[in-house]
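What follows is the residue order along each chain.
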Amino acid sequence: MTELNIPFAEKFIQHILSGQKTVTSRSKQYGFAGDHFVIEGKRFEVLKVTKMPLGVVYNHLWKESGAVDCFDFVVTYNRLHPGKPYDPYREVYVHFFKEVAA
């Protein structure tokens, strides 16, 4: 098990801590199932990492990604990736995670 350093936008920290955000989409793979990261003293375990098109995240995982709705998902994605705007066919690594006891 490896401790990961996954950067999160400040707006998502409370969503993660409250359990509202349980998925993050990244252009690279940060870890593997069983790895973990810590936010404000709480430990989160990566359950699985799978590669999929952003369109799948948009259609099926926007809520788990911490977005208010699918439109918010695209707006947030574009703000965080100004050089690579939302493209439903772009492949991303989707990291599923949950809080676990420290």
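Everything below is about the structure shown above.
Here is what the cut-offs are and how they apply
- Residues numbered from 1 in each chain as written.
- Predicted model: local features only at pLDDT ≥ 70, side-chain atom pairs only at ≥ 80, totals over all residues.
- Heavy atoms only, no water.
- Salt bridge = Lys/Arg side-chain N within 4 Å of Asp/Glu carboxyl O.
- Helix = DSSP H or I, 4+ residues; strand = E, 2+ residues; numbered from the N terminus.
- Contact = heavy atoms within 4.5 Å.

So what exactly am I meant to see when it comes to the pattern of salt bridges here?
Any two side chains of opposite charge can pair if their charged atoms end up close together. One pass over the full model with this rule turns up one salt bridge. Salt-bridge contacts for Asp-72 lead to Lys-11; the nearest nitrogen and oxygen are separated by 3.9 Å. Note that Asp-72 is positioned in helix α3 (residues 70–80) and Lys-11 in helix α1 (residues 10–17), a separation of 61 residues in sequence.

How should I be thinking about the environment of Thr-2 in this particular structure?
Mapping Thr-2 onto the fold places it in the segment before α1. A sequence separation of 29 residues divides Thr-2 from Gly-31, and the C-alpha atoms of the two residues are 7.8 Å apart. Beyond its immediate sequence surroundings of up to four residues, Thr-2 is in contact with Asp-35 and His-36.

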